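A closer look at the structure
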Amino acid sequence: MGRKILLDKIDIPGILGFDVYRNNGGYSAVEKALKTMSPDQVLDEVKKSGIRGRGGAGFPAGMKWSFLDRSTNNPRYLICNADESEPGTFKDRYLMEKLPHLLIEGLIVSSYALGANTCFIYIRGEFKYLVGILEKAIFEARKNGFIGKNILSSGYSLDIYVHPGAGAYICGEETALIESLEGKRGNPRIKPPFPASKGLYQCPTVVNNVETLASIGPIIIMGGEEYAKIGTGKSTGTKLISASGHINQPGVYEIEMGISVEDFIYLDEYCGGIRGSKKLKAIVAGGSSVPVLPENLVFKTAKNETRLMTYESLAEGGFESGTMLGSGGLIVYDEDACMVRNTWNFSRFYHHESCGQCSPCREGTGWMEKVLYRIEHGQGRIEDIDLLVNISKNIEGNTICPLGDAAAWPVASAIRHFREEFEFHVKHPEKIKNKDHGNIQKLFVP
Amino acid sequence: MAKVTIDNHVVEVPDGTTILQAARLIGGDIVPPTMCYYSKLEGSGGKCRTCLVKVSQSSGKDSRPMPKLVASCSTPVADGMVVQNITSPEVLEARKAIVEFLLINHPLDCPVCDQAGECDLQNLSYEHGLETTRYKEERRDYPSVDIGPYVKLHMNRCILCYRCVYTADQIAGKRIHGILYRGDVAEISTFIQNSIENEFSGNIIDVCPVGALTDKTFRFKSRVWFLNPFLAHRDCPTCSGKVTVWKFGKEIYRVTGRKDQFGEVDEFICNTCRFDKKGSEDWIIESPANIDKQSVISQNHYMKIKKGSIIKPLEQKTEPQD
Ligand SMILES: Cc1cc2nc3c(=O)[nH]c(=O)nc-3n(C[C@H](O)[C@H](O)[C@H](O)COP(=O)(O)O)c2cc1C
Ligand code: SF4
Ligand code: FES
């Protein structure tokens, strides 16, 4: 059993309520930070912990916090990014639903470290039912003196607000989120300036993922160094993985960073193996935006090293033979899954979610979706496959925000690793009429 | 001050200047093309990506290149920065890709489009586009609509540069229109279809780089290259009254703002000057207008341009004959 830091209390009855949470050691991180530490000491612990952003990009949280512009008298803001909309990722929702006070506690400590007196939780529009849960937790924390003016007589004051979005994936991008929070159209901003100097209302702002911020409480309690002992290399601590797809036990799991991908997929403690004892075909390791990995690269890297659930190991091999941990949304495909259909599905998502601001993403995502639709529906041409590779290359790196890259990578990687299957679709339109046509080897059997 | 090298030309500019502005100071064929940036509109730029350039050295202190191509219109210079535009094959390749993206949903209806001949998209595709299209799918299709009494909106031709939105916001003074929906079905729209009544609303026609917003008083009257442009002015109580009038013989067919070599108007003009003053007695003609921007309006010069080469600014400008 791996150590649990975030989800350790999840099974305690009544943990949703303040009293039970408090009686089980809750809010002691706030006490410790506000009563015995200076904001800079808190920041130091977070730096020492080595925790990297859990929202996708994996940027070290301590470093991000130290970039916050402290030179002006403008107010500073902390924004908790709860817009979780990446296909395959559903860990933040789980955390907020089951352990709202853990998040609130993290927000208080983090805001204290940043010198922010206002904190926003920007929550995905579809998560309406969570708004009540969070607001109740905030209400209780306020009633008990952990939010509001002069918290625990430390002189530090904080307000936390929950702000639901209107259901747009792009509003998870930090600058689009800020625009949306300001009441504008959710278009990503052109950077620079970065939020650390000009964010919400043009004031210094830090945006962090729910899981990142929820981990701050435990880090303060156990100490940054202790936290950094968990995991390997630059992947410290524990990570929530949303596991879905053709596995026996889909769900949210907390892992110690550094267990092997094989263990995670096959151990009963986690995914419990492939559904129906089928063979593994591919995985998407970090939510739909990251490159897909074929079976031969899942357990071992191209260098024949064991593939681990860490930022570094999953990225080993670059885009040729690696992928990314991203937001930790693991999707498993069995031998019967059609990779063309899956790629089309992802592509449809990005086409639908593009904000339409910059031309490569606005036009390119739609183009890719239409071509993939044709291939999957038996109207592909052989030159379409190279065309797709070329479109994805033309989008990648040329856009305002990373959504363009996120749309390009799944397509490019699927063709890189499963070109045969794309060609099969083009050459045998009659054989792919049947809905279950993922296993092209099987289809060749007379 | 910052010293910047762009395609081997060195220029010194104040800190905070963008790469594009620095390039415009140098001038000539190293100036990146722009479809969305407009120096007179705050917040514009960064969207179309036609102005992408390569920063091969970030600054004097940091000799590393920037990892991606950057939008020159919205990236500030740094002292010692080295930029490549037309000297970088990577940039030209990317620009070609961008033009293709801008065109896949474009109706290519230049033969019936009033903008033809003075269209930035046309010029851009002539320089950087493919000869044919690789796009075999259906194009997006909107009905064209009247927005206000003077302006026609052909959403099919729009490249979503947002310039008209900023114009309505900043020049016309009232937030009268904006963008609806998102992605490739996003569209320019007014809150209530025909509510554009502001005295300066006509300027959205001038800032539009394509034929999406056209002048209804000039609709289908003439191809622009059959007209002769003259600088003219009148004593206008609302605006500067400094315009370009476009004549066919003795008759004034249309009135526009005066544009500089980058296709931007010098001064925004009012709707009365633009739409109502079409009599020759209304205007004092100053001189024939130079069409600085390379264009078919400067007739016969197109012949000299080799496709694929980088177009040089015209050395000698044609004097329009009356
Ligand atoms: C298109 C797009 C969608 C994103 N969606 C989310 C999201 O739903 N949740 C999230 O935490 N980060 C999301 N991000 C990443 C954020 O921009 C930002 O990097 C993150 O919130 C930073 O938090 P972290 O450092 O704690 O990971 C998204 C990024 C992009 C480009
Ligand atoms: S990459 Fe896509 S989502 Fe991001 S700004 Fe450009 S159009 Fe919008
Ligand atoms: S002009 Fe720079 S991105 Fe459009």
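Cut-off values and rules
Residues numbered from 1 in each chain as written. Chains lettered and ligands numbered in written order. Predicted model: local features only at pLDDT ≥ 70, side-chain atom pairs only at ≥ 80, totals over all residues. Heavy atoms only, no water. Helix = DSSP H or I, 4+ residues; strand = E, 2+ residues; numbered from the N terminus. Buried < 20%, exposed > 50% of the residue type's maximum accessible area, 1.4 Å probe, protein only. Areas by Shrake-Rupley, 256 points an atom, 1.4 Å probe, with all protein chains shown as cover. Axes fitted to C-alpha atoms, helices over the stretch in contact; angles between N-to-C directions. Parallel < 35°, antiparallel > 145°, perpendicular 65-115°, else oblique. Contact = heavy atoms within 4.5 Å. Nonpolar A, V, L, I, M, F, W, Y, C, P; charged D, E, K, R; others polar. Salt bridge = Lys/Arg side-chain N within 4 Å of Asp/Glu carboxyl O. Polar contact = N/O pair within 3.5 Å; in protein donor to acceptor, adjacent residues only side chain to side chain. Near = heavy atom within 4 Å. Expected span 1.5 Å × (residues − 1). Domains from an automatic or database assignment. Buried area = accessible area lost by both parts, 1.4 Å probe. Pairing = 2+ DSSP bridges.

Attention now goes to the overall build of chain B. Within chain B, the secondary structure is distributed over six helices and 14 strands. A total of 322 residues make up chain B; the buried ones form 54% of that total. As displayed, chain B offers around 14,400 Å² of accessible surface, 51% of which is attributable to carbon and sulfur atoms.

So, about the packing of helix α17 (residues 382–395) of chain A against helix α2 (residues 89–104) of chain B. It is the contact of α17(A) with α2(B), at a shortest axis distance of 10 Å, that shows an interaxial angle of 105°. Overall, the two elements α17(A) and α2(B) adopt an arrangement that is roughly perpendicular. Across the interface between the two elements, Ile391(A), Asn394(A) and Ile395(A) of α17(A) pack against Ala97(B), Glu100(B) and Phe101(B) of α2(B). Per-class residue counts for the contact of α17(A) with α2(B) are four nonpolar, one polar and one charged.

This paragraph deals with the interface of chain A and chain B. Listed as interface residues are 35 residues of chain A and, on the opposing side, 33 residues of chain B. On inspection of chain A and its partner chain B, the count reaches three salt bridges. In this structure, Arg374(A) engages Glu137(B) in a salt bridge whose closest nitrogen and oxygen atoms are separated by 2.7 Å. Our enumeration of links across chain A and chain B arrives at 20 residue pairs in polar contact (both at pLDDT 80 or more). For the side of chain A that touches chain B, the elements supplying multiple residues, two or more each, are α15 (339–353), α16 (359–376) and α17 of chain A. The element contributing the most residues to the side of chain A that touches chain B is α16(A), with 10 residues. Along the lines of polarity and charge, the residues of the side of chain A that touches chain B split into 12 nonpolar, 15 polar and eight charged.

Near ligand 2, the surroundings consist of 13 residues, among which Cys355(A), Gln357(A), Cys358(A), Cys361(A) and Cys401(A) are the closest. In terms of residue class, the shell around ligand 2 is made up of eight nonpolar, five polar and no charged.

So, about helix α7 (residues 128–143) of chain A. All names here are of chain A. Taking 1.5 Å per residue as the helical rise, α7 with its 16 residues ought to reach 22 Å, and the 23 Å between its terminal C-alpha atoms agrees with that figure. Buried within α7 we find Leu 130, Val 131, Leu 134, Ala 137, Ile 138, Glu 140 and Ala 141. Those residues of α7 that are buried lie in contact with α1 (18–23), α5 (91–98), α6 (100–114), β2 (118–123) and β3 (159–164). One or two steps after α7, the chain reaches Gly 145, where phi turns positive at roughly 85°.

All names here are of chain A. In the vicinity of ligand 1, 18 residues are found, and the nearest of them are Gly 55, Asn 81, Asn 208, Asn 209 and Thr 212. Interatomic distance of 3.2 Å between a backbone N/O atom of Arg 54 and an oxygen atom of ligand 1. It is strand β4 (residues 205–209) that provides the largest number of residues to the shell around ligand 1, a total of three residues. For the shell around ligand 1, the class distribution of residues is four nonpolar, eight polar and six charged.

Residues and elements named next belong to chain B. For chain B, the domain assignment lists domain 1 (2–91) and domain 2 (222–304). A separation of 31 Å is found between the C-alpha centroids of domain 1 and domain 2. Listed as interface residues are seven residues of domain 1 and, on the opposing side, seven residues of domain 2. For the pairing of domain 1 and domain 2, the buried interface totals around 620 Å² over both sides, and the portion due to carbon and sulfur atoms is 53%. Between domain 1 and domain 2 we count two salt bridges in total. One salt bridge connects Glu 264 with Arg 24, and the closest N-O pair in it is separated by 3.1 Å. The interface formed by domain 1 and domain 2 includes five residue pairs in polar contact (both at pLDDT 80 or more). Grouping the constituent residues of the side of domain 1 that touches domain 2 by class yields four nonpolar, one polar and two charged.

Let's shift gears to the sheet that holds strand β10 (residues 213–215) of chain B. All names here are of chain B. Pairing within the open sheet is antiparallel, and its three strands lie in the order β6-β7-β10. Sheet topology places β6 (145–147) and β10 at the edges, where each strand pairs with a single neighbour. The mean inter-strand angle of the sheet, taken between neighbouring strand axes irrespective of direction, is 35°.

All names here are of chain B. You can see Glu 267 is positioned in the loop between β13 (251–256) and α6 (271–276). Glu 267 gets classed as partly exposed once you look at its relative accessible area, which sits at 36%. Sequence spacing of Glu 267 and Tyr 150 is 117 residues, and the spatial spacing of their C-alpha atoms is 20 Å.

Let us now look at the pairing of strand β12 (residues 242–248) of chain B. Residue and element names in this part refer to chain B. β12 sits mainly inside the fold: five of its seven residues count as buried. As defined by bridge partners, strand β11 (residues 228–233) adjoins β12 across six bridges and the pair is classed as antiparallel. If you follow Asn 228 over to β12, its bridge partner there is Lys 247. Hairpin remark: β12 followed by β13, antiparallel, with two residues in the connecting loop; positive phi at Gly 249, about 65°.

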